[in-house]
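This is what each chain is made of:
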Amino acid sequence: MQLTQRAQSIVEQYLQPGQQVVDATAGNGHDSCFLARQVGARGRVFVFDIQQQALDSTASRLRDQGQAAQVTLVYRGHEHLLDEIPATDHGHIQAVMFNLGYLPHGDKTRTTTSATTLPALAQARAMLAPGGIITVLAYRGHPGGQEEAQDVERQLQRLAGEGLQLSVIPSPGPVLFVLAPERYD
């Protein structure tokens, strides 16, 4: 099973219709559509990206699958989670998914960096509902990717505790970090 599918399989265990969730890096919309399916029409999905191409691709995919109504697309970096998600939802976000690296089939020089990812992780943790989950799929093959993955692991170790445990699921390419109420191998 690919780590993208593994992340979705793990997150799925924590989701029910009507919940609020975040796709912190829209990419091509695969996680956005997955999250929208899981929370249903009564739920809310907040989707962030700094590239209009990513948001356009995600919007198209959501429309094609009939899931656009419950999704809010945000043309800002994930380091603005607290600013863009209504305060009434803080503490009620059930899941936050990150895919770090660059936009597949996009500009490979535009990548996520520790400078924005680390504050985003802290903000995601602050908004998480009791029993919620954060997943981070970190691609390490681009310049700066290995360092970002190491920084993410250190940040998630700091954010663990208070009912959340960190699991690290390696592969030859990307690594999947899961911050959840239970450990995963």
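Student: Please clarify how the overall build of the protein should be interpreted in this entry.
Tutor: Of regular secondary structure, the protein possesses 6 helices and 7 strands. The order of α-helices and β-strands along the protein, N terminus first, is α-β-α-β-α-β-α-β-α-β-α-β-β. Based on the C-alpha atoms only, the size of the protein along its principal axes is roughly 40 × 35 × 35 Å. Within the protein, buried positions represent 53% of all 185 residues. On the protein, roughly 8,400 Å² of surface is accessible, and the fraction owed to carbon and sulfur atoms is 49%. The centroid of the 14 positive side-chain charges in the protein is displaced by 3 Å from the centroid of its 18 negative side-chain charges.

Student: Is there a simple way to think about the side chain of Gln-70 in this case?
Tutor: Examined against the element boundaries, Gln-70 turns out to sit in the loop between helix 3 (52-64) and strand 3 (71-74). The class for Gln-70 is buried, based on a relative accessible area of 7%. With residues up to four places along the chain from it excluded, the contact list for Gln-70 reads Ala-36, Gly-40, Ala-41, Gly-43, Arg-44 and Val-45.

Student: Is there a simple way to explain the pairing of strand 2 (residues 44-48) in this structure?
Tutor: The two faces of the sheet receive side chains in turn, since in a regular strand these alternate between them. Here strand 2 lies mainly inside the structure; 4 of its 5 residues are buried. Pairing of strand 1 (residues 20-23) with strand 2 involves 4 bridges; the strand directions are parallel. When the sheet's bridge partners are listed, Val-21 is paired in strand 2 with Val-45. Regarding the hand of the β-α-β motif, the stretch spanning strand 1, helix 2 (residues 30-39) and strand 2 is right-handed. Relative to strand 3, strand 2 runs parallel, the two sharing 4 bridges. Looking across to strand 3, one finds that Phe-46 is bridged to Thr-72. Crossover strand 2 to strand 3 through helix 3 is right-handed.

Student: Would you explain the sheet that holds strand 1 in this entry?
Tutor: Strand pairs in the sheet, formed through backbone hydrogen bonds, run parallel or antiparallel to each other. Judged by pairing direction, the sheet is mixed, and its 7 strands sit side by side in the order 3-2-1-4-5-7-6 without closing on themselves. With partners counted over all chains shown, the strands left at the sheet margins are strand 3 and strand 6 (165-169), one partner each. The mean angle between the axes of side-by-side strands here comes to 15°, regardless of whether they run parallel or antiparallel. Here strand 5 (residues 128-138) runs beside strand 7 (residues 175-180); their pairing, made up of 5 bridges, is antiparallel. Note that in strand 7 the partner of Leu-137 across the bridge is Leu-176.

Student: Can you walk me through empty space enclosed by the protein in this structure?
Tutor: In this approach the atoms are scanned with a rolling probe the size of a water molecule, which exposes any empty space left behind. Within this structure, the stated rule accounts for 1 cavity of 30 Å³ or more. Estimates place the volume of the largest cavity at around 40 Å³. Thr-4, Ala-7, Asp-31, Met-97, Phe-98, Asn-99, Thr-135, Val-136, Leu-137 and Leu-176 together form the lining of the largest cavity. Listing elements by their share of the lining of the largest cavity, those giving two or more residues are helix 1 (3-12), strand 4 (93-100) and strand 5.

Student: Before we go on, may I ask you to explain the nonpolar core in this structure?
Tutor: Nonpolar side chains tend toward joint burial in soluble globular proteins. Core analysis: the biggest nonpolar cluster contains 29 residues, and Val-22, Val-96, Phe-98, Leu-121, Ile-134, Val-136 and Leu-156 have the highest contact counts within it. Within the residue set of this core, elements represented by two or more residues are strand 2, strand 4, helix 5 (114-127), strand 5, helix 6 (145-159) and strand 7. Ranked by size, the runner-up nonpolar core spans 28 residues in total, among them Ile-10, Ala-26, Leu-35 and Val-39.

Student: Looking at this model, I keep getting lost on the environment of Thr-113. Mind explaining?
Tutor: Relative to the helices and strands, Thr-113 is located in the loop between strand 4 and helix 5. Take Thr-113: its relative accessible area is 34%, and that puts it in the partly exposed class. Linking Thr-113 and Ala-129, residues 16 residues apart in sequence, is a C-alpha distance of 26 Å.

Student: Any chance you could explain helix 3 here in plain terms?
Tutor: In an α-helix, one turn spans 3.6 residues; hence positions three or four apart end up facing the same way. Spanning 13 residues, helix 3 covers 18 Å between terminal C-alpha atoms, matching the ideal 18 Å at 1.5 Å per step. Contacts made by the buried residues of helix 3 are with helix 2, strand 2 and strand 3. In the segment just after helix 3, Gly-66 is the residue with positive phi, at about 65°.

What counts and how
Residues numbered from 1 in each chain as written. Predicted model: local features only at pLDDT ≥ 70, side-chain atom pairs only at ≥ 80, totals over all residues. Heavy atoms only, no water. Helix = DSSP H or I, 4+ residues; strand = E, 2+ residues; numbered from the N terminus. Buried < 20%, exposed > 50% of the residue type's maximum accessible area, 1.4 Å probe, protein only. Areas by Shrake-Rupley, 256 points an atom, 1.4 Å probe, with all protein chains shown as cover. Lys, Arg positive; Asp, Glu negative; His and termini not counted. Charge placed at Lys NZ, Arg CZ, Asp CG, Glu CD. Contact = heavy atoms within 4.5 Å. Pairing = 2+ DSSP bridges. Right-handed = clockwise from strand over helix to strand, strands pointing away. Axes fitted to C-alpha atoms, helices over the stretch in contact; angles between N-to-C directions. 1 Å grid on protein atoms, 1.4 Å probe; cavity = no way out; pocket = protein on both sides within 12 Å on 5 of 7 lines; lining within 4 Å. Points joined across faces, edges and corners; volume = space filled by probe spheres on them. Core = buried A, V, L, I, M, F, W, Y, C linked by side-chain atoms within 4.5 Å. Expected span 1.5 Å × (residues − 1).

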